[in-house]
Amino acid sequence: MSEIVPSLLSADFSILAEEVARMEEAGAKRLHLDVMDGHFVPNLSFGNPVVKSLRNKSDLHFEVHLMVQNPADRIDEFLKAGADTLIFHVEADGDDIELIKRIKTGGAEAGISVKPGTPLSSISNLISEIDLLLVMTVEPGFGGQEMIKSALQKVNEVKRMNGTEHLLVEVDGGINLETVREAAEVGTDLIVSGSTIFHSSDPSEMFKTLSRKADLDNNGH
Ligand code: DX5
Ligand code: ZN
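Note that this is a predicted model, so its numbers are computed, not measured.

1. A closer look at the overall build of the protein chain
1) Next: The number of helices and strands found in the protein chain is eight helices and eight strands.
2) Next: For 221 residues, the compact-globule estimate of 2.2 N^0.38 gives 17 Å, and the C-alpha radius of gyration of the protein chain, at 16 Å, lies within 12% of that figure.
3) Next: Each of the three principal axes of the protein chain carries a C-alpha extent, and together these read 45 × 40 × 30 Å.
4) Next: Out of the 221 residues in the protein chain, the part that is buried amounts to 53%.
5) Next: Taking the intrachain contacts of the protein chain between residues at least 6 apart in sequence as the baseline, contacts between residues at least 24 apart amount to 65%.
6) Next: For the protein chain, the computed accessible surface area is about 9600 Å², with 45% contributed by carbon and sulfur atoms.

Right under this line is the structure:
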């Protein structure tokens, strides 16, 4: 069964703590926090003070998705802010193995993200070192985009590779009431959803509906 992970990017930023509490009550176990530097992606979002403030209000597993050009400059501050998993992009600058080591030494789980056009071959040497692979199913930078379905094949591909039993595979971007089922069917462990949850009239109910649809034993209703 795939687990739905709410992405705060589309939440109401004036009541963030309430939005998080609402997801926790609805049954979420993890929270996806998108950090953008206006350089690696054209958009800006929020930095470590927001993560730190929310950390005091929530026991959810915080996964921080760094869409920044130079993750090496940012790792320490997000570890300190309370990230449980820290995800950086393989297309960004820096020595990947070194970054993974720093994240793990800092007490967090390490994740790598790949853009839709980046093949798995670019991370095959890193798979044994990481805890999570984040497969982008939109170009990173904005919520509310349409899913690039061809990217879902990477989930299939990585799940068939040897030595990936330990790995959590997550998809991010364009999840809605239709696409959630396809994301679950390729064997995804974690499915990020931002705008579908937070732009709905009842985010808690939408989280539960997506969770039901992602449960392949449940016929998806
Ligand atoms: C996009 C972000 C996503 C975003 C997904 O760059 O990485 O996490 O919140 O938003 P939706 O679910 O609206 O596509
Ligand atoms: Zn994300």
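More follows now that the structure is in view.
2. Quick notes on the coordination of the zinc ion (ligand 2)
1) Next: Only His 32 (NE2), Asp 34 (OD), His 65 (ND1) and Asp 172 (OD) from the protein coordinate the zinc ion (ligand 2), and they sit 2.1 to 2.3 Å from it.
2) Next: Each of the six donor atoms around the zinc ion (ligand 2) contributes to a set of angles spanning 71 to 169 degrees, which defines the coordination as octahedral.

3. Some words on the pattern of salt bridges
1) Next: Throughout the structure, instances matching the rule amount to eight salt bridges.
2) Next: In this structure, the salt-bridge partner of Glu 63 is Arg 30, at a minimum N-O distance of 2.8 Å. Remark: Arg 30 occurs in strand β2 (residues 30-36) and Glu 63 occurs in strand β3 (residues 61-67); sequence separation between them is 33 residues. A single burial state applies to Glu 63 and to Arg 30, both of which are buried.
3) Next: Across the pair Asp 189 and Lys 159 runs a salt bridge, and its minimum N-O distance is 2.7 Å. Of this pair, Asp 189 sits in the loop between α6 (179-185) and β8 (190-193) while Lys 159 sits in helix α5 (residues 153-160), placing them 30 residues apart in sequence.
4) Next: Of the residues examined, Asp 189 reaches a relative accessible area of 21% and is grouped as partly exposed.

4. Here's the deal with the sheet that holds β8
What links the strands of a sheet is backbone hydrogen bonding, and the strands pair in either a parallel or an antiparallel sense.
1) Next: Spatially, eight strands are ordered β1-β8-β7-β6-β5-β4-β3-β2 in an open sheet, and the strand pairing comes out parallel. Of all the strands in the sheet, the pair left with one neighbour each is β1 (3-6) and β2. Direction aside, neighbouring strands of the sheet carry axes that sit 25 degrees apart on average.
2) Next: Taken together, the five bridges between strand β6 (residues 132-136) and strand β7 (residues 168-172) define a ladder with parallel strand orientation. Looking at β7, one finds that Met 136 is bridged to Asp 172.
3) Next: Docked against the sheet, helix α2 (residues 48-55) engages β2 and β3, running at close to 175 degrees with respect to β3.

5. Quick look at the site of ligand 1
1) Next: Lining the immediate surroundings of ligand 1 are 20 residues, of which Ser 7, Asp 34, Gly 141, Asp 172 and Ser 195 lie closest.
2) Next: His 65 places a polar side-chain atom, nitrogen or oxygen, 3.3 Å from an oxygen atom of ligand 1.
3) Next: Residue Ser 195 places a side-chain N or O atom 2.5 Å away from an oxygen atom belonging to ligand 1.
4) Next: With respect to the pocket detection grid, ligand 1 is positioned in the largest pocket.
5) Next: Contributing elements (two or more residues each) for the shell around ligand 1: β2, β3 and β8.
6) Next: Among the residues making up the shell around ligand 1, the classes are represented as seven nonpolar, 11 polar and two charged.

6. Quick word on the layout of surface pockets
The probe, sized like a water molecule, is rolled over the atoms to show the empty space still left.
1) Next: The calculated volume of the largest pocket comes to roughly 300 Å³.
2) Next: Lining the largest pocket are 26 residues, with Phe 142, Gly 143, Gly 144, Gly 173 and Gly 174 positioned closest to its centre.
3) Next: Those elements that place two or more of their residues in the lining of the largest pocket are β2, β8 and α7 (195-198).
4) Next: Tallied by class, residues from the lining of the largest pocket come to 10 nonpolar, 13 polar and three charged.

7. Thoughts on helix α4 (residues 96-105)
1) Next: Residues of α4 that are buried include every one of Asp 96, Leu 99, Ile 100 and Ile 103, and no others. Viewed end-on, α4 has its buried residues packed into an arc of 100 degrees, placing them on one side of the element.
2) Next: Turning to α4, the residues buried within the fold contact α3 (75-81), β4 (85-89) and β5 (109-114).
3) Next: Its side-chain oxygen placed 3.1 Å from the backbone nitrogen of Ile 97, Asp 95 serves as the N-cap of α4.
4) Next: With its phi angle positive at about 95 degrees, Gly 107 sits one or two positions after the end of α4.

What counts as what
Residues numbered from 1 in each chain as written. Chains lettered and ligands numbered in written order. Predicted model: local features only at pLDDT ≥ 70, side-chain atom pairs only at ≥ 80, totals over all residues. Heavy atoms only, no water. Helix = DSSP H or I, 4+ residues; strand = E, 2+ residues; numbered from the N terminus. Rg over C-alpha atoms; globule rule 2.2 N^0.38 Å. Buried < 20%, exposed > 50% of the residue type's maximum accessible area, 1.4 Å probe, protein only. Contact = heavy atoms within 4.5 Å. Areas by Shrake-Rupley, 256 points an atom, 1.4 Å probe, with all protein chains shown as cover. Donors = N, O, S within 2.8 Å, 3.2 Å for Na, K, Ca; no water. Tetrahedral: all angles 85-135°; square planar, octahedral: opposite > 155°, others 65-115°. Salt bridge = Lys/Arg side-chain N within 4 Å of Asp/Glu carboxyl O. Pairing = 2+ DSSP bridges. Axes fitted to C-alpha atoms, helices over the stretch in contact; angles between N-to-C directions. Near = heavy atom within 4 Å. Polar contact = N/O pair within 3.5 Å; in protein donor to acceptor, adjacent residues only side chain to side chain. 1 Å grid on protein atoms, 1.4 Å probe; cavity = no way out; pocket = protein on both sides within 12 Å on 5 of 7 lines; lining within 4 Å. Sits in = over half its atoms within 2 Å of the grid points. Nonpolar A, V, L, I, M, F, W, Y, C, P; charged D, E, K, R; others polar. Points joined across faces, edges and corners; volume = space filled by probe spheres on them. Arc of directions from axis to C-beta.

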